[in-house]
Amino acid sequence: MMKQLKRFKYFGVVVLVVTALTLFNKALGFKAVSLTGSNLKEMLLTLPPVFILLGLLDIWVPREAMVKYMGDKSGMKGIVLSILLGSAAAGPLYGAFPIAAVFMKKGVRFSNIVIFLGAWSTTKIPMLLFESSSLGLRFAVTRLLIDIPGIIIIAYLISALMSKEEIETIYANAESL
Amino acid sequence: MSGIALYSLAGILLIVSFIRDKQKTKKALMKAWKSFDNILPELLTVMATVGILLAVLDPKLISHLIGAESGWFGVIISAVVGAITLIPGFVAFPTAAMLLQNGAGYMQVAAFISTLMMVGIVTAPVEIKYFGKKFTLLRNISAFIFAFIVALIIGRVVAGI
C-alpha cells in the first residue's frame, strides 16, 4: 500500500500546487482543473486501445517477423515501415513510448525506433487534412516534406551519438517495463 | 475520429484473438494492463502540470510576443513556449490558426507547432522512464534545433520572406 502511494508522490505535489493556485486565484485554479480534466479525458480515450493493441502484438507477433521487417538488416524497408507506422497514429507522443518498448523487446533496430517516434510526433497523416484546413495546404505540405528527411537525419544522428552499451541498457530496460 | 478507428481495430483484433486462443488473449490483456499501470503515475503528473501551464499562459500575451515582425526573437520565444507545453494535434492546429489570425507570423507559428509536437519538457519524466536520460536529452535537443530549420523553410516558402 505504501509502495503504491509512493509511486504517486509527484502527482501529489502537483495536486498541492493546483490547490494553492485555487486559493490564490480561484478562476485560474478552476481553469487548471478543467484543462487537466480535458487532458485526462483525451488520455483515457486514446490509450486503452493502444495498450490492448500492444498487448496483442507482444503475445501474437513472433520476434523473428519483427526482426525481419524492422530489425538490423531491414534496410530501406524498415525505415519506410517505421515512418508509415508512426504517421498512421494520431495520439500524443507519450502514447508511442510503450509501443516503442514492445518494438525493442521484439528486436527492432534502434534507428528505426527513433524514426518511429519522430514520425509519430510530427508527421500525422490522419491530421494532414485538419492541418491544411487550419493553416493552409502549403504550410501542411511544406512541413511534411521537411519533416520526413528531418526525422531520418535526427534518428541516425542520435544512434551515432549513443554508445553500443547505452543502447543495450535501453533495450534491457524495455524488457522490464 | 481516429479514436473510433483505433477502438474498432483493437476490438476486432481482440475478438479474433479470443476466438483463436482464450489463454493467450488473457495474457495479452494482463500485459496491456501492466504496462498501463506502470506508466500511470507519470501520466497523471504530466496531465496536471500541462493543465496548470495552459491556465497560466495567456493566448493574447503569446500572440503579442510572436508577431510577424518579432523575427528570430519571436521564433525563439515560440519554440520555447512550444517546448514546455504539450498540446494534442487537434487542439494545436486550431490554436496555431488562432495565433496567426491574432497577428503571429508564419515562421513563429511553424517553430511553435514543431516544438509543440516534438519537444516535451513536461513529458520528459515519462520519456526518461522508457529511454533513459541521455536519449531523452539528445532527442529533445535535436528536435528543438530542427524546429528552427522548419521555421526558416516555412518562412521562405509560405510567407515568402
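Since this is a predicted model, take the numbers as computed values, not measurements.

Enquirer: Would you mind going over helix α4 (residues 71–84) of chain B with me for this structure?
Expert: Turn by turn, an α-helix covers 3.6 residues, leaving residues three or four places apart pointing in a common direction. Between the first and last C-alpha of α4(B) there are 21 Å, a value that for 14 residues agrees with the 20 Å anticipated at 1.5 Å per step. Inspection of α4(B) places G74(B), V75(B), I77(B), S78(B), A79(B), V81(B), G82(B) and A83(B) among the buried residues, and these make up the whole buried set.

Enquirer: Where do I start with the domain arrangement of chain A in this structure?
Expert: Residues and elements named next belong to chain A. Domain annotation for chain A reports domain 1 (1–47) and domain 2 (61–176). On a C-alpha basis, the centres of domain 1 and domain 2 stand 30 Å from each other. The interface of domain 1 with domain 2 comprises 4 residues on the first partner and 4 residues on the second. Between domain 1 and domain 2, a total of about 260 Å² is buried, with carbon and sulfur atoms accounting for 73% of that surface. Contact with domain 2 buries surface across domain 1, with E42, T46 and L47 losing the most and accounting together for 80% of the total. Viewed at the interface, domain 2 and domain 1 are joined by 0 salt bridges. Counting every contact that joins domain 1 to domain 2 gives 0 residue pairs in polar contact (both at pLDDT 80 or more). The class makeup of the residues in the side of domain 1 that touches domain 2 is 2 nonpolar, 1 polar and 1 charged.

Enquirer: Teacher, can you tell me more about the environment of T122(A) here?
Expert: By the secondary structure assignment, T122(A) is in helix α7 (residues 110–122). When its relative accessible area of 1% is taken as the criterion, T122(A) is described as buried. Each C-alpha atom, one on T122(A) and one on G86(A), is 8.9 Å from the other, the two residues being 36 residues apart in sequence. Excluding residues within four positions of it along the chain, T122(A) makes contact with R143(A), D147(A), I151(A), M117(B) and M118(B). Among the polar contacts listed, one links the side chain of T122(A) to the side chain of R143(A), at a separation of 3.0 Å.

Enquirer: Is there a simple way to explain the confidence of the model for chain B in this structure?
Expert: If pLDDT is low for a region, its predicted coordinates should not be looked at in detail. Put simply, chain B has an average pLDDT of 85, and 91% of its residues get 70 or more. Per-element confidence in chain B is highest for helix α7 (residues 124–159) of chain B, whose mean pLDDT is 93, and lowest for helix α3 (residues 59–65) of chain B, whose mean pLDDT is 72.

Thresholds, definitions, all that
Counting from 1, residues in each chain are numbered in the order their sequence is written. Both sets of labels track the order of writing: A upward for chains, 1 upward for ligands. Local features in a predicted model are, by the rule used here, given only for residues with pLDDT of at least 70; side-chain atom pairs are given and counted only at 80 or more, and totals for whole chains, interfaces and linings are based on all residues. Side-chain numbers here rest on the full set of heavy atoms in the structure, without hydrogens or water. In DSSP terms, a helix is any run of H or I states spanning at least four residues, a strand is any run of E spanning at least two, and both are numbered starting from the N terminus. By this rule, a helix spans an expected 1.5 Å times one less than how many residues it contains. Summary of the burial criterion: residues with accessible area below 20% of their type's maximum are buried, those above 50% are exposed, and those between are partly exposed, where the area comes from a 1.4 Å probe applied to protein chains only. Domain start and stop points were drawn from an automatic or database domain assignment. Working rule for contacts: check all heavy atoms of both residues, and any pair within 4.5 Å makes them a contact. Each of two parts loses accessible area, computed with a 1.4 Å probe, when they are put together; buried area is these two losses added. By definition, a salt bridge exists where a carboxyl oxygen of Asp or Glu is found within 4 Å of a side-chain nitrogen of Lys or Arg. For the purposes of these results, a polar contact is taken to be a pair of N or O atoms within 3.5 Å, where, inside protein, one atom must be able to donate a hydrogen and its partner to accept one; residues adjacent in sequence count only when each atom of the pair is a side-chain atom. Amino acids outside the nonpolar list (Ala, Val, Leu, Ile, Met, Phe, Trp, Tyr, Cys, Pro) and the charged list (Asp, Glu, Lys, Arg) are all regarded as polar, and Gly is one of them. A score between 0 and 100, pLDDT records how confident the predictor is in each residue.

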